[in-house]
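Here's the letter readout for the chains.
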Amino acid sequence: MQRIKGYHAHVYFDASTLAQARALCEEAARLFPLQMGRVHERPVGPHPDWSCQLAFGPELIAVVLPWLALHRNGLVVFLHPETGDELADHTDHAIWMGAIRPLDLSIF
């Protein structure tokens, strides 16, 4: 098994759910020792929607994943490990909460 160095959870939103997504990410950063990225009001990287990234170590997956599942309140969350294989991490290793969105995999 490949070693998982960390995880990224990408919270997807649009103009109508911007405040909700920001509050969710800020609350996660308050509750857990993770890094909250910028709130992007445009698609960034492979992500098709506006998003905010939460980055955390593998030791937090057992608390962050269920917390997001219970508190996302309808927002789509795309969660993936960091193994060093970005294409596999964003496809085969991905965990979706809510609707699966089409990623732009051409960057990999």
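The name that an unreviewed UniProt entry assigns to the protein chain is DOPA 4,5-dioxygenase family protein, with the source organism given as Pseudomonas kielensis.

S.K.: Even after reading the chapter, I still don't get the pattern of salt bridges, so can you show me in this structure?
M.R.: Close approach of charged atoms allows side chains with opposite charge to pair. Taken as a whole and judged by the stated rule, the model has two salt bridges. With a shortest N-O distance of 2.8 Å, Glu27 and Arg30 are connected by a salt bridge. Pair noted here: Glu27 and Arg30 are both in helix 1 (residues 18-31), with a separation of three residues, about one helical turn. By relative accessible area, which is 30% here, Glu27 ends up partly exposed. For Arg30, a relative accessible area of 58% puts it in the exposed group. With a shortest N-O distance of 2.6 Å, Arg101 and Asp49 are connected by a salt bridge. A residue pair is termed long-range when its members are at least 10 positions apart, and Arg101 in the segment after strand 5 (95-97) and Asp49 in the loop between strand 2 (35-40) and strand 3 (50-56) qualify at 52 residues.

S.K.: Whenever I open this one, the nonpolar core confuses me. Can you help?
M.R.: A general feature of soluble globular proteins is that nonpolar side chains tend to end up buried together. Counting residues in each nonpolar core, the largest one holds 23 residues, and the members touching the most others are Val11, Leu54, Phe56 and Leu68. Of all the elements in the fold, those that place two or more residues in this core are strand 1 (6-13), helix 1, strand 3, helix 2 (61-71) and strand 4 (76-82). No other element matches the five residues that helix 1 contributes to this core. Contacts of Phe56, omitting those with residues within four sequence positions, involve Gly6, Tyr7, Ala9, Leu34, Ile61, Val64 and Leu79.

Reading guide: rules and limits
Residues numbered from 1 in each chain as written. Predicted model: local features only at pLDDT ≥ 70, side-chain atom pairs only at ≥ 80, totals over all residues. Heavy atoms only, no water. Salt bridge = Lys/Arg side-chain N within 4 Å of Asp/Glu carboxyl O. Helix = DSSP H or I, 4+ residues; strand = E, 2+ residues; numbered from the N terminus. Buried < 20%, exposed > 50% of the residue type's maximum accessible area, 1.4 Å probe, protein only. Core = buried A, V, L, I, M, F, W, Y, C linked by side-chain atoms within 4.5 Å. Contact = heavy atoms within 4.5 Å.

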